[in-house]
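Chain residues, written in single-letter form:
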Amino acid sequence: MRLNDDNDEEEGPKTMSHCSIGHLQQEKSFVIVGYALTSKKVESFLKPKLEGLARNKGILFVAIDQNRPLSDQGPFDIVLHKLTGKEWRQILEEYRRTHPEVTVLDPPDAIQHLHNRQSMLQCVADMNLSDTYGKVGVPRQLVIKRDSSSIPDAVTKAGLILPLVAKPLVADGSAKSHELSLAYDEYSLQKLEPPLVLQEFVNHGGVLFKVYIVGEAIKVVRRFSLPDVTKRELSKNAGVFRFPRVSCAAASADDADLDPSVAELPPRPLLERLAKELRRRLGLRLFNLDIIREHGRRDHFYVIDINYFPGKVRENAWVRTYIYGFPVKPRAKPIQEKIGIVSKLLETLKN
Ligand SMILES: O=P(O)(O)O[C@H]1[C@H](O)[C@@H](OP(=O)(O)O)[C@H](OP(=O)(O)O)[C@@H](OP(=O)(O)O)[C@H]1O
Ligand SMILES: Nc1ncnc2c1ncn2[C@@H]1O[C@H](COP(=O)(O)OP(=O)(O)O)[C@@H](O)[C@H]1O
Ligand SMILES: [Mg+2]
Ligand SMILES: [Mg+2]
């Protein structure tokens, strides 16, 4: 088990047996979170600060050994995971079936839904959210499964307006799945390799909102994004421009000196409605939305991307959001109460 080695808070044992984990859980002194994450994700998410704060609040993170049967490990209250592959999904499904008392964050089939850029946005399109606070939709898009030579005709038929963003259909977190392109003319799209999604580029003032959803908690940050494309640029340029991994390279725009009409965060009540409905429709509790505001239209928003279990834990507030929002099954009453206390404590810590 990993314990927060470089943490100056309360020292703990470096290893812990199955039986002592069970003991801690039984006494209800700890909520045990088993995690199965890539090393990249362990590094970005499981910061000593998060582990330390969690441990002080009675939440213990325990690494899952992927070489041993899951049922022999724990016992866990929560299983937190971000791994790909059919084998892993099957292991988790079987574990969910045989351990209904454990909260698996989140069900593998619900996560799969986000691994395809067509199905990921379907729920948002179906919701057709529009109220006094604004309107949330998705950009018009077209899926090209095969045959790149058919793209120009397909684009004309669908009436899509240039420029278009070309995105690989699969969005599984691999480097390839983040290799996007911007196409200024439809004929150049023949150079791209299907399967892909062609999405209308929406001018949004070069700033996007990352909306992190952790159970009931929501946190919004600004990030720099692609700049607007003017009519003049569009008429002068042709071809496809590749922009690999733009979203990860993007810097925080929270402290930038921005035009207030671009920087203004989407209305909180609108985001709350959107998040609540998406949590229900997607069956997920840990995800984020990339949202843009159409430049010059204050209350017109578009969801362009949904990612499962993101978050580099950049700041204290985010660490707290994670612990604060940690969702558990309602039936685990003592744990729920514990989380309730934790939330109240953390509320008081908020900046
Ligand atoms: O698709 P985009 O819009 O880039 O969203 C990304 C991906 O989900 C990243 O995961 P992956 O690399 O698996 O695709 C995730 O990084 P981590 O999961 O490593 O933290 C990012 O977290 P933040 O950068 O914290 O927002 C999140 O913003
Ligand atoms: N329809 C769009 N209109 C304007 N910009 C977009 C659009 N789609 C994507 N982008 C830009 O491209 C970036 C990456 O696209 P995104 O769909 O979020 O893929 P990824 O999963 O690689 O983050 C976004 O952060 C945004 O800057
Ligand atoms: Mg994105
Ligand atoms: Mg993404």
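Residues numbered from 1 in each chain as written. Chains lettered and ligands numbered in written order. Predicted model: local features only at pLDDT ≥ 70, side-chain atom pairs only at ≥ 80, totals over all residues. Heavy atoms only, no water.

Per an unreviewed UniProt entry, the chain goes by Inositol-tetrakisphosphate 1-kinase and derives from Gossypium anomalum. Comment text from UniProt for the chain, heading Function (unreviewed entry), reads "Kinase that can phosphorylate various inositol polyphosphate such as Ins(3,4,5,6)P4 or Ins(1,3,4)P3." Of the comments in the UniProt record for the chain, the one headed Sequence similarities (unreviewed entry) reads "Belongs to the ITPK1 family." (UniProt positions renumbered as here; feature names shortened; annotations may be inferred.)

Asks: Give a description of the coordination of the magnesium ion (ligand 4) that names residues and reports values.
Replies: Of the protein atoms, only Asp305 (OD) and Asn307 (OD1) coordinate the magnesium ion (ligand 4), at distances of 2.1 to 2.2 Å. The distance between the magnesium ion (ligand 4) and the magnesium ion (ligand 3) comes to 3.7 Å, and Asp305 binds to both of them. With respect to burial, Asp305 and Asn307 carry one shared label: buried. (Donors = N, O, S within 2.8 Å, 3.2 Å for Na, K, Ca; no water. Buried < 20%, exposed > 50% of the residue type's maximum accessible area, 1.4 Å probe, protein only.)

Asks: A description of the pairing of strand S10 (residues 196–200) should follow, citing residues and the corresponding values.
Replies: For a regular strand, side chains alternate in direction, first toward one face of the sheet and then toward the other. Counting buried positions along S10 gives five out of five residues, so the element sits mostly inside the fold. Burial of the side chains of S10 extends over both faces: Leu196, Leu198 and Glu200 are buried on one face and Val197 and Gln199 on the other. Pairing of strand S7 (residues 141–144) with S10 involves four bridges; the strand directions are antiparallel. Paired with Val143 across the two strands is Val197, which belongs to S10. As defined by bridge partners, strand S8 (residues 164–168) adjoins S10 across five bridges and the pair is classed as antiparallel. Each residue of the ladder has a partner; that of Leu164, found in S10, is Glu200. (Helix = DSSP H or I, 4+ residues; strand = E, 2+ residues; numbered from the N terminus. Pairing = 2+ DSSP bridges.)

Asks: So what's going on with the sheet that holds strand S2 (residues 59–63)? Which residues, and what values?
Replies: In space, the four strands of this open sheet follow the order S2-S1-S3-S4, with parallel pairing throughout. The open sheet has two free edges, formed respectively by S2 and strand S4 (103–105), since each of these has just one partner strand. When strand polarity is set aside, the average angle formed by the axes of neighbouring strands in this sheet is 25°. Inspection of the sheet shows strand S1 (residues 31–37) paired to strand S3 (residues 78–82) by five bridges, in the parallel sense. (Axes fitted to C-alpha atoms, helices over the stretch in contact; angles between N-to-C directions.)

Asks: Run through the coordination of the magnesium ion (ligand 3), naming residues and quoting values.
Replies: Protein coordination at the magnesium ion (ligand 3) comes from Asp290 (OD) and Asp305 (OD), with a distance range of 2.0 to 2.2 Å. Looking at Asp305, the relative accessible area reads 12%, which means it is buried.

Asks: Mind laying out the side chain of Arg293, listing which residues take part and the relevant values?
Replies: Counting through the fold element by element, Arg293 comes out in strand S14 (residues 286–293). Buried and unpaired, Arg293 has no salt bridge, with Glu264 as the nearest side chain of opposite charge at 4.0 Å. A polar contact is formed between the side chain of Arg293 and the backbone oxygen of Val262, at a distance of 3.5 Å. Among the polar contacts made by the side chain of Arg293, one reaches the main-chain carbonyl oxygen of Glu264 at a distance of 2.7 Å. Once you skip the residues sitting within four places of it in the chain, Arg293 turns out to touch Asn203, His204, Phe209, Ser261, Val262, Glu264, Leu265, Pro266, Arg298, His300 and Phe301. (Lys, Arg positive; Asp, Glu negative; His and termini not counted. Salt bridge = Lys/Arg side-chain N within 4 Å of Asp/Glu carboxyl O. Polar contact = N/O pair within 3.5 Å; in protein donor to acceptor, adjacent residues only side chain to side chain. Contact = heavy atoms within 4.5 Å.)

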